[in-house]
Amino acid sequence: MSNHYDALGVSRDATAEEIKKAYRKLARKLHPDVNDAADAQDRFKAVTHAYEVLSDPQKRRIYDTTGNENGNDAGGGGGGFGGEGFAFQDIFETFFGGAGGGGGGGRGPASRMRRGQDALISVRVDLREAVFGVNKKLEIDTAITCPTCEGSCCRQGTAPTTCDICHGSGQIQRPMRSILGNVMTLATCNSCQGFGTMIVDPCNECMGEGRIRDRRTLTIKVPAGVGTGTRIQLANQGEAGPAGGPSGDLYVEMKVNNDPSFVREGDDLHATLSVPMTAAALGTELNFETFDGEQPISIKPGTQAGEVINLRSLGVTHLRGFGRGDLKVHIHVETPTKPDAEQEALLKQLAALRGETFTEGKLVSSGGMFAKLRDKFGNN
Ligand SMILES: [Zn+2]
Ligand SMILES: [Zn+2]
């Protein structure tokens, strides 16, 4: 067994505070919930075990004087405070814990420190912001590590004390009847909830949980191209874990507001441009307002209603990859609704010139155009 002081990376005359700090730093790094390395669990166990011994003044004295944590007479009559519990635990782990990775018991005391949960919030952005990306200020409400006790859960100057019932192992032996006779089983210690220690004097601010709720402001970078339902993951910005445990992740779910002028379809944008009937017939040049400023649009003579003018790469930025979608401008031809007498006369003149014949207001012939017109109306 390696030296407990080396395991924690502290000197032999380290103060209780230094030992606690060193342990918390290592435990955060090595905790199996956050560290995937193959040896993380074993190292975490070793470090936790070293801390259990060195954080308890009596155990530390025994360890310092005898070089092992049980004293020279483990199980014997002399001064076996926590020693017996640990000896039992070591034996138990030798038989059950080593191969099976500690499934089902014999794992030693549970750590109060756990990883916090992930958090999810939703954020609204305008379509323009989705097209180009934007920095958004968010107010979030999550648990943070208690600033008063820094996650130790204890009132300043105090430390957890070893549980009297389980002597720090977090487990108690219970005789159980079975077909093989009476066997001893291990159960979580109710007195300390399996932590092996008790917090006698909890921190006032967090009530001994090691974390408090806090509202904070966070500026996030919303990348160009997000859509409703896109989730942005921010590592370690979620809920802080109990007892100084690492934070979970924060997920920000995007909701894109509808825009009065543009409709999004994938990464393409669609817009409608109304042009007067005469302009559609004669052709014209005009400027069209887009997210990228005014763009010149050429209406060719004879433009039909429903024609689509494609403005390349003026759509939404692709979230993955490069480039942008297109902006598709749908032409709407405005027919005069209330022509005055002079306009009506001119329109009739135009109709006559085009060979369009009316009988009692009904179009009966249009010089070859009639069939096409009927098709068009039939389709609608
Ligand atoms: Zn606290
Ligand atoms: Zn206990």
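Just so it is clear, the model here is predicted, and its values are computed rather than measured. (Residues numbered from 1 in each chain as written. Chains lettered and ligands numbered in written order. Predicted model: local features only at pLDDT ≥ 70, side-chain atom pairs only at ≥ 80, totals over all residues. Heavy atoms only, no water.)

Undergrad: Would you take a moment to explain the sheet that holds strand β10 (residues 263-265) for this structure?
TA: Paired through their backbone hydrogen bonds, the strands of a sheet run either parallel or antiparallel. Across the sheet, which stays open at both edges, the four strands sit in the order β10-β11-β15-β14 with mixed pairing between neighbours. Pairing within the sheet leaves two strands with one partner each, and these edge strands are β10 and β14 (308-311). For this sheet, the mean angle separating the axes of adjacent strands, direction not counted, is 30 degrees. As judged from the eight bridges shared by strand β11 (residues 268-276) and strand β15 (residues 327-334), these two strands associate in the parallel manner. Following the sheet pairing, Leu-273 is matched in β15 by Ile-331. (Pairing = 2+ DSSP bridges. Helix = DSSP H or I, 4+ residues; strand = E, 2+ residues; numbered from the N terminus. Axes fitted to C-alpha atoms, helices over the stretch in contact; angles between N-to-C directions.)

Undergrad: What is the right way to read the coordination of the zinc ion (ligand 2) from this model?
TA: When a metal holds four donors in a tetrahedron, each ideal angle between them is 109.5 degrees; when it holds six in an octahedron, the ideal angles are 90 or 180 degrees. On the protein side, the zinc ion (ligand 2) has Cys-163 (SG), Cys-166 (SG), Cys-189 (SG) and Cys-192 (SG) as donor atoms, found 2.2 to 2.3 Å from it. Seen from the zinc ion (ligand 2), its four donor atoms lie at angles of 102 to 117 degrees, and the figure they make is tetrahedral. (Donors = N, O, S within 2.8 Å, 3.2 Å for Na, K, Ca; no water. Tetrahedral: all angles 85-135°; square planar, octahedral: opposite > 155°, others 65-115°.)

Undergrad: What is the right way to look at the packing of aromatic side chains in this model?
TA: When we look at a pair of aromatic rings, we describe it by the centre distance and by the angle of the planes. By the definition in use, this model includes three aromatic pairs. With centroids separated by 4.2 Å and ring planes inclined at 5 degrees, the aromatic side chains of Tyr-23 and Tyr-51 adopt a geometry described as stacked. Separated by 28 residues along the polypeptide, Tyr-23 in helix α2 (residues 16-30) and Tyr-51 in helix α3 (residues 40-54) bring together distant segments of the chain. With a relative accessible area of 7%, Tyr-23 lands in the buried category. With a relative accessible area of 16%, Tyr-51 lands in the buried category. With centroids separated by 4.7 Å and ring planes inclined at 40 degrees, the aromatic side chains of Phe-262 and Phe-291 adopt a geometry described as tilted. Here Phe-262 is found in the loop between β9 (250-256) and β10, whereas its partner Phe-291 is found in the loop between β12 (284-290) and β13 (293-299), with 29 residues between them in sequence. Just as Phe-262 is buried, Phe-291 falls in that class too. (Phe/Tyr/Trp six-rings, centres within 6.5 Å; stacked < 30°, edge-to-face > 60°. Buried < 20%, exposed > 50% of the residue type's maximum accessible area, 1.4 Å probe, protein only.)

Undergrad: Even after reading the chapter, I still don't get the pattern of salt bridges, so can you show me in this structure?
TA: A side chain with one charge may pair with a side chain of the opposite charge, provided their charged atoms come close. Counting across every chain of the model gives 17 salt bridges. For Glu-209, the salt bridge is made with Arg-211, and the minimal N-O distance between the two is 2.7 Å. On the basis of relative accessible area, Glu-209 is assigned to the partly exposed category, the value being 36%. Bridged by salt links that share partners, the residues Glu-139, Asp-141, Arg-213, Arg-215 and Glu-239 form one connected network. (Salt bridge = Lys/Arg side-chain N within 4 Å of Asp/Glu carboxyl O.)

Undergrad: Help me understand unusual backbone geometry in this model?
TA: Glycine aside, the phi torsion of most residues is negative, and most peptide linkages are trans. Positive phi values are uncommon outside glycine, yet Met-207 reaches one of about 55 degrees. Of note, Met-207 is situated in the loop between β6 (197-198) and β7 (211-222). Judged by its relative accessible area of 68%, Met-207 is exposed. With a phi angle near 55 degrees, Ala-243 is a residue other than glycine that sits in the positive phi range. Tracing the sequence through the fold places Ala-243 in the loop between β8 (231-234) and β9. According to the relative accessible area criterion, Ala-243 is buried, its value standing at 7%.

Undergrad: Sorry, what's going on with the coordination of the zinc ion (ligand 1) here?
TA: Protein-derived ligands of the zinc ion (ligand 1) are Cys-146 (SG), Cys-149 (SG), Cys-203 (SG) and Cys-206 (SG), with the metal-ligand distances lying across 2.3 Å. In this structure, the zinc ion (ligand 1) is coordinated by four donor atoms arranged in tetrahedral fashion, with angles at the metal of 104 to 115 degrees. Sequence positions of the donors to the zinc ion (ligand 1) reduce to the motif C-x2-C-x53-C-x2-C. Of the two residues, Cys-149 is situated in the loop between β2 (134-145) and β3 (161-162) and Cys-203 in the loop between β6 and β7; the sequence distance between them amounts to 54 residues. Pair check on accessibility: Cys-149 and Cys-203 agree, each one buried.

Undergrad: Just checking my understanding: could you explain the UniProt feature "binding site: Zn(2+) 1" (unreviewed entry) in the chain for this structure?
TA: Per the UniProt annotation, the sites labelled "binding site: Zn(2+) 1" (unreviewed entry) are Cys-146, Cys-149, Cys-203 and Cys-206. In sequence the annotated residues extend across 61 residues, while in space they remain close, none of their C-alpha pairs exceeding 9.0 Å. Under the relative-accessibility criterion, Cys-149 is labelled buried at 6%. Discounting chain neighbours no more than four positions away, the residues touching Cys-149 are Arg-24, Cys-154, Cys-203, Cys-206 and Gly-210. Judged by its relative accessible area of 3%, Cys-203 is buried. Sequence-distant contacts of Cys-203, that is, excluding residues within four places in its chain, are made with Cys-146, Thr-148, Cys-149, Cys-153, Cys-154, Arg-155 and Gly-208. (UniProt positions renumbered as here; feature names shortened; annotations may be inferred. Contact = heavy atoms within 4.5 Å.)

Undergrad: How should the UniProt feature "binding site: Zn(2+) 2" (unreviewed entry) in the chain be read in this particular structure?
TA: As annotated by UniProt and renumbered to match this structure, "binding site: Zn(2+) 2" (unreviewed entry) occupies Cys-163, Cys-166, Cys-189 and Cys-192. A maximum C-alpha distance of 9.0 Å is found for the annotated residues, which run over 30 residues; spatially they form one tight group. Structurally, Cys-163 can be placed in the loop between β3 and β4 (171-178). Contacts of Cys-163, omitting those with residues within four sequence positions, involve Gly-168, Cys-189, Ser-191, Cys-192, Gly-196, Thr-197 and Met-198. Here Cys-189 lies in the loop between β5 (181-188) and β6. Its relative accessible area of 1% is what places Cys-189 among the buried residues.

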